[in-house]
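Spelled out, the chains give:
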Amino acid sequence: MKRLMLIIAALAVAGCSAVAKEDASVKTRNEAEEAAVKRIVVVEGDQVPGHPKFTELGHVQGVCVRAPSYDDDSSIARIGFKHAAYDKYGDKVDAIIRVDSFFVTDNQSYGIQEPGSAAGHLNCQGTAVHFEPG
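Residues numbered from 1 in each chain as written. Predicted model: local features only at pLDDT ≥ 70, side-chain atom pairs only at ≥ 80, totals over all residues. Heavy atoms only, no water.

Thoughts on the nonpolar core
Then, number 1: Judged by nonpolar contacts, Ile 40, Val 60, Phe 81, Ala 84, Ala 85, Tyr 89, Val 93, Ile 96, Val 99, Cys 124 and Ala 128 together constitute the single largest core of 11 residues.
Then, number 2: No other element matches helix 2 (residues 81-89), which puts four residues into this core.
Then, number 3: Ignoring sequence-local partners within four residues, the contact set of Tyr 89 consists of Leu 57, Gly 58, His 59 and Ala 128.
Then, number 4: The next biggest cluster of nonpolar side chains, apart from the first, holds six residues, and it includes Val 43, Ile 97, Val 129 and Phe 131. (Core = buried A, V, L, I, M, F, W, Y, C linked by side-chain atoms within 4.5 Å. Buried < 20%, exposed > 50% of the residue type's maximum accessible area, 1.4 Å probe, protein only. Helix = DSSP H or I, 4+ residues; strand = E, 2+ residues; numbered from the N terminus. Contact = heavy atoms within 4.5 Å.)

Written out as structure tokens, the structure reads:
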């Protein structure tokens, strides 16, 4: 019986160790993503000041502004235009150019609405780019 209890205790300690390692790994990935997202430059035009050479990675689209009624919404775990670029192209994204936005009404907005009265959010779209040396 003692031997069985020791085996169970050893397995529990090993399981906790694995959970702690996974937690540390997730935290490290999240911190790396946040650092990469913070450095992404967003511009409306075709040029990024100080970076004349870049390679286009491709189109990106994501939520750029959320209405106050969405503050408690947990259905979108990681919202955001820059996060969408990171999710699609990883840490290669240095900037997003040719950015524009459009309004998206939510599922509860039916019929014709007065301007500015529909519930929803702004989506942004643009082209993700990677800076070239030199």
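So, the side chain of Asp 94
Then, number 1: Counting through the fold element by element, Asp 94 comes out in the loop between helix 2 and strand 3 (95-105).
Then, number 2: Under the relative-accessibility criterion, Asp 94 is labelled buried at 10%.
Then, number 3: For Asp 94, the side chain forms a polar contact with the side chain of Arg 39, separated by 2.7 Å.
Then, number 4: Within the structure, the side chain of Asp 94 is placed 3.0 Å from the side chain of His 130, a separation counted as a polar contact.
Then, number 5: When neighbours within four sequence positions are excluded, Asp 94 is seen to be in contact with Arg 39, Ile 40, Val 41, Val 129, His 130 and Phe 131. (Polar contact = N/O pair within 3.5 Å; in protein donor to acceptor, adjacent residues only side chain to side chain.)

A word on the confidence of the model for the chain
Segments scoring low in pLDDT should not have their predicted coordinates read at a detailed level.
Then, number 1: In this model, the chain carries an average pLDDT of 77, and 67% of its residues clear a pLDDT of 70 or more.
Then, number 2: Taking the mean pLDDT of every element in the chain, the minimum, 72, falls on helix 1 (residues 2-39) and the maximum, 92, on helix 2.
Then, number 3: Ignoring residues within four places in sequence, the model shows residues 67-78, a span with pLDDT below 50, making 10 contacts including any to other chains. (pLDDT = per-residue confidence, 0-100.)

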